[in-house]
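Structural description and commentary
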Amino acid sequence: MVFDFDTPTNRLETDSIRWDRFDSKEVLPLWVADMDFKSPPCVIEALSNRVQQGIYGYTHSPDHLNMMIANYLEEQYQWRVDPDWIVILPSVVSGLYTAVQQLSKNDESVLIPNPVYHHLRLACSSANRLFQEMPLELKDGRWVLPSNELPNLITNKTKLALFCNPQNPGSTVFTKDELKDFGDFCIQNNLWICSDEIHAGLVLDDDKKHIPLASISKEVSEKTITLMSLNKTFNFPGVGLAWAVAENPTLRKAIQIGLHQTIAPPSLLAYTATMAAIKEGEPWRQELIKYLSGNRDLIYQKINSVKGLSISKMEGSYLAWIDCTTLNHPNPYQLLLDNGLATSPGDQFNRKQFIRLNFGTQRNRLHQALNIIEHCAKL
Ligand SMILES: Cc1ncc(COP(=O)(O)O)c(C=O)c1O
């Protein structure tokens with residue numbers, strides 16, 4: 001490997017949310033979704049050069065950024081978008097909250113997957129929107145939407161569907177057929193769609209690929225705001241930015257509400273990091289994927305060999321969704337924490353008998369985590 005993913009990095013004294021929550025001598029913190037790897041050398045170099053300029057005034061989005069993003073989407077996902085469809089945002093989360101506010105009214109409701117990244121749910125509750133969950137089901141070892149059930153989950157008040165692909169947690173990389181089914185369902189029921197695709201760059205198998213939901217058809221594209229970012233893939237969420245893609249001008253206008261007023265623009269370093277990753281980050285990303293799939297394979301074997309635990313084969317990103325139901329412990333998250341491993345508790349996703357383990361870390365640390373999990377399962 002040209003890039004070093006194995007040497008442990010020290011994240012203490014970097015004000016890391018993940019590493020500062022617990023006493024690092026006592027607890028290995030594998031929860032919040034950032035990785036323990038340094039960003040690619042091309043990003044570090046570009047940021048250093050930008051910092052050296054010493055000029056940090058008000059900065060607009062670089063003129064060619066939208067074009068760079070459009071080219072990147074075509075290269076990576078064979079998805080052709082007009083650069084004018086792209087709206088630069090400070091983060092995916094701000095896009096989620098704006099989409100819910102703008103695309104549904106007070107007495108209308110929103111469809112969201114369950115389990116899912118908690119901000120999809122919080123975006124609804126903070127806007128006082130009712131939401132209906134689509135409980136993902138395990139089918140042939142993959143967490144998928146309950147397609148036959150979907151018509152029973154909506155009413156004439158349902159106006160918006162939030163989607164997450166690759167799925168967090170659960171790790172599904174949705175297939176073209178699955179996306180088509182869901183897209184068609186939304187069109188038939190006149191639902192707007194907001195698709196969170198932040199984990200798109202982290203598909204773990206060569207025979208799978210990320211397909212943007214909006215790329216399925218012109219009709220779906222006209223109904224969809226796609227939220228993307230390189231923050232996860234290149235591990236710079238502290239200095240990153242996001243973007244929305246919306247072909248439909250009404251949707252584009254909606255996602256811009258509040259920008260530069262209540263929603264701050266990205267920092268100038270965010271532009272630098274994102275452009276460096278687009279231009280030169282691909283070799284690093286390729287090696288990262290190999291390293292993460294090695295971690296994934298290790299988890300899959302180990303967890304499924306431990307009595308009381310199970311996991312499906314993960315397809316995307318670095319978040320392992322571990323089913324502890326047959327462990328018969330009232331609080332698996334607490335059990336692990338008491339034994340020195342911090343994970344994300346399942347109840348953050350409304351599934352208390354699960355835990356989510358962040359495996360975007362060095363292999364040695366992962367071994368340590370798996371040993372703790374195995375030990376706890378035997379208690
Ligand atoms: C599905 C999903 N969306 C959004 C985010 C956060 O994105 P951002 O940092 O750009 O707000 C995360 C972070 O874990 C995530 O998993």
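Residues numbered from 1 in each chain as written. Predicted model: local features only at pLDDT ≥ 70, side-chain atom pairs only at ≥ 80, totals over all residues.

**Observations concerning the overall build of the protein**
A count of helices and strands for the protein gives twelve helices and 14 strands. On C-alpha atoms alone, the protein measures out to a radius of gyration of 20 Å, which is about the 21 Å that the 2.2 N^0.38 rule sets for 379 residues. Projecting the C-alpha coordinates of the protein onto the three principal axes gives extents of approximately 55 × 55 × 40 Å. For the protein, buried positions account for 46% of its 379 residues. Contacts spanning at least 24 positions in sequence make up 72% of the contacts within the protein whose residues lie at least 6 apart. (Helix = DSSP H or I, 4+ residues; strand = E, 2+ residues; numbered from the N terminus. Rg over C-alpha atoms; globule rule 2.2 N^0.38 Å. Buried ≥ 20, exposed ≤ 12 C-beta atoms within 10 Å, placed from the backbone. Contact = placed C-beta atoms within 7 Å.)

**Thoughts on the sheet that holds strand S10 (residues 242-245)**
Taken together, the seven strands give an open sheet; going across it, the order is S2-S10-S9-S8-S7-S3-S4, and neighbouring strands pair in mixed fashion. Every other strand in the sheet has two partners, leaving strand S2 (86-89) and strand S4 (130-135) as the edge strands with one partner each. The average undirected angle you get between the axes of adjacent strands in this sheet is 20°. Two elements, strand S3 (residues 109-114) and strand S7 (residues 158-164), share three bridges in a ladder whose sense is parallel. Directly across from Leu111, in S7, lies its bridge partner Ala161. (Pairing = 2+ DSSP bridges. Axes fitted to C-alpha atoms, helices over the stretch in contact; angles between N-to-C directions.)

**Re the nonpolar core**
Residues Ile112, Cys194, Leu227, Trp243 and Ala244 are the most contacted members of the largest nonpolar core, which totals 69 residues. Excluding its chain neighbours within four sequence positions, the residues that come into contact with Ala244 are Val87, Leu89, Gly95, Ile225, Thr226, Leu227 and Ile255. Among the nonpolar cores identified, the runner-up in size contains 38 residues, and Met314, Leu336, Leu341 and Phe359 belong to it. (Core = buried A, V, L, I, M, F, W, Y, C linked by C-beta atoms within 7 Å.)

**What to know about unusual backbone geometry**
Leaving glycine aside, a negative phi is the common case for residues, and trans is the common case for peptide bonds. Of note, the amide linkage connecting Asn165 to Pro166 takes the cis form, showing an omega dihedral of -15°. When you line up the elements, Pro166 lands in the loop between S7 and helix H6 (176-188). Of note, the amide linkage connecting Asn168 to Pro169 takes the cis form, showing an omega dihedral of -5°. The residue Asp140 is not glycine, and still its phi comes out positive at about 45°. Owing to 7 C-beta atoms within 10 Å, Asp140 belongs among the exposed residues under this scheme. For Ser171, which is not glycine, the phi torsion reads 75° and is therefore positive. With respect to the element layout, Ser171 can be found in the loop between S7 and H6. Among the residues examined, Ser171 registers 25 C-beta atoms within 10 Å and is labelled buried.

**Points about the sheet that holds strand S14 (residues 354-358)**
With respect to topology, three strands assemble into an open sheet ordered S11-S14-S13, the strand pairing being antiparallel. Two strands in the sheet have a free side with no partner beyond their single neighbour: strand S11 (319-323) and strand S13 (344-345). Relative to S14, S11 runs antiparallel, the two sharing five bridges. Among the inter-strand pairings, Asp323 is bridged to a residue of S14, identified as Phe354.

**So, the site of the ligand**
Surrounding the ligand, one finds 13 residues, the nearest of these being Ala33, Ser91, Val92, Val93 and Tyr117. Of the residues that constitute the shell around the ligand, the class distribution is eight nonpolar, four polar and one charged. (Near = placed C-beta within 6 Å. Nonpolar A, V, L, I, M, F, W, Y, C, P; charged D, E, K, R; others polar.)

**Quick look at the domain arrangement of the protein**
Taken domain by domain, the protein holds domain 1 (17-40 + 282-378) and domain 2 (65-280). The distance between the C-alpha centroids of domain 1 and domain 2 comes to 25 Å. Residue assignment for the side of domain 1 that touches domain 2 shows that the elements contributing at least two residues are helix H10 (282-305) and S11. The element that contributes the greatest number of residues to the side of domain 1 that touches domain 2 is H10, accounting for five residues. Residue classes in the side of domain 1 that touches domain 2 are distributed as eleven nonpolar, seven polar and seven charged. (Domains from an automatic or database assignment.)

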